[in-house]
Amino acid sequence: MGQDQTKQQIEKGLHLYQSNQTEKALQVWMRVLEKSADPAGRFRVLGCLITAHAEMGRYKDMLKFAVVQIDTARELEDADYLTESYLSLARSNEKLCEFQKTISYCKTCLNMQGTTVSLQLNGQDYEKALFFPCKAAELVNDYGKGWSLKYRAMSQYHMAVAYRKLGRLADAMDCCEESMKIALQHGDRPLQALCLLCFADIHRSRKDMQTAFPRYDSSMSIMTEIGNRLGLIQVLLGVTKCWMIQKELDKALESIEKAQELAEGLGNKLGLLKLHCLCEMIYRTKGQQQELRDHVVKFHECVEEMELYCGMCGESIGEKNNQLQALPCSHFFHLKCLQTNGTRGCPNCRRLSVKPGYV
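Model, not experiment: these values are computed from the prediction. (Residues numbered from 1 in each chain as written. Predicted model: local features only at pLDDT ≥ 70, side-chain atom pairs only at ≥ 80, totals over all residues. Heavy atoms only, no water.)

1. Some thoughts on the confidence of the model for the protein
Thought 1: For the protein, per-residue confidence averages 81 on the pLDDT scale, and residues scoring 70 or more make up 82% of the total.
Thought 2: Under a pLDDT of 50 for its full length, residues 114-123 has, in the predicted model, 7 contacts with residues more than four places off or in other chains.
Thought 3: Here residues 353-359 is a poorly scored stretch, pLDDT under 50, and it has 25 contacts once near neighbours within four places are set aside; other chains count. (pLDDT = per-residue confidence, 0-100. Contact = heavy atoms within 4.5 Å.)

Here it is, written out as structure tokens:
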């Protein structure tokens, strides 16, 4: 199969994939991979296969194609191809929660010329958390008629999460239902799991535990199927909060124990911080002072280790909904604290901060 035919078959597969004929698209792309004599075409089709398997939650297959893509990039002897293939390898390991390998491959990319990397931080500024998916949804509506529905589905999901945290539960439910509808149409198992988790959180916010628990169970089943251990921690956190609302504190501690084992295994410090916070609340209610003190200490150790505190007032960030602002130097603060700062420089590193960034 030559270069032109390879290109035509890749485009045919893309058309099938965008038409929700995923299995047919995969068959076309696999034939290209087997028969094409064009290395650049094989590299591109491997990228399609990596993306498709990521969206279906088939992370081990995603990793397999990422490894093949590395070999193809080396055959092409092109730095840009090699950088992209290492990023694919990093993303594959991230999906499988192999974070040390992910960091290693990202560092390899950073050492390659022309690479840019963006970092995201999860704080608790719910208005800002809502702003960005809303803008994404506007872009899809205004310009994205030919784009994959996955962009609309993901923007709707993130809007649902932000609406729930803002207490706008009806809006959260509407957005989550639209996202789930698209996820079901496309067989997007990872997004289905996230939507089920969001549905459960919404029902928990409504104090409807009878409806919340089955949705947590369904989400956990899919998370386990696709190997999303970070997602499992989030599910167990939600289940814990349900037990706490029902005053079933021993059952809440059982869920925390399971989540803690996962979080420690992954090195998920943010998850551990949330678990220590919940333990503090439980042991305070139970009147167990020694356990309470232990978890208060561990909570603050996590805050210090992750530097989750404002560089000006020193208060921890993430315990409640605050307006946050990040500067170009990557230090972040409470917005109200920055507004009282008399200089235009960063209070931490003293670098000039002409244009603020966003967390």
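2. With respect to the pattern of salt bridges
Thought 1: Scanning the entire structure with this criterion turns up 8 salt bridges.
Thought 2: Asp71 is the partner of Arg74 in a salt bridge, and the nearest nitrogen-oxygen pair spans 3.9 Å. Of the two residues, Arg74 and Asp71 are both situated in helix H4 (residues 59-76); the distance of 3 residues between them amounts to about one turn of the helix.
Thought 3: Relative accessible area serves as the criterion here: at 46%, Asp71 is assigned to the partly exposed category.
Thought 4: With a closest N to O distance of 2.7 Å, Arg189 and Glu225 form a salt bridge. (Salt bridge = Lys/Arg side-chain N within 4 Å of Asp/Glu carboxyl O. Helix = DSSP H or I, 4+ residues; strand = E, 2+ residues; numbered from the N terminus. Buried < 20%, exposed > 50% of the residue type's maximum accessible area, 1.4 Å probe, protein only.)

3. As for the side chain of His276
Thought 1: Take His276: it is sitting in helix H14 (residues 269-286).
Thought 2: Overall, the relative accessible area of 8% leaves His276 in the buried class.
Thought 3: Filtering out sequence-adjacent residues up to four positions away, His276 remains in contact with His295, Lys298, Phe299 and Cys302.

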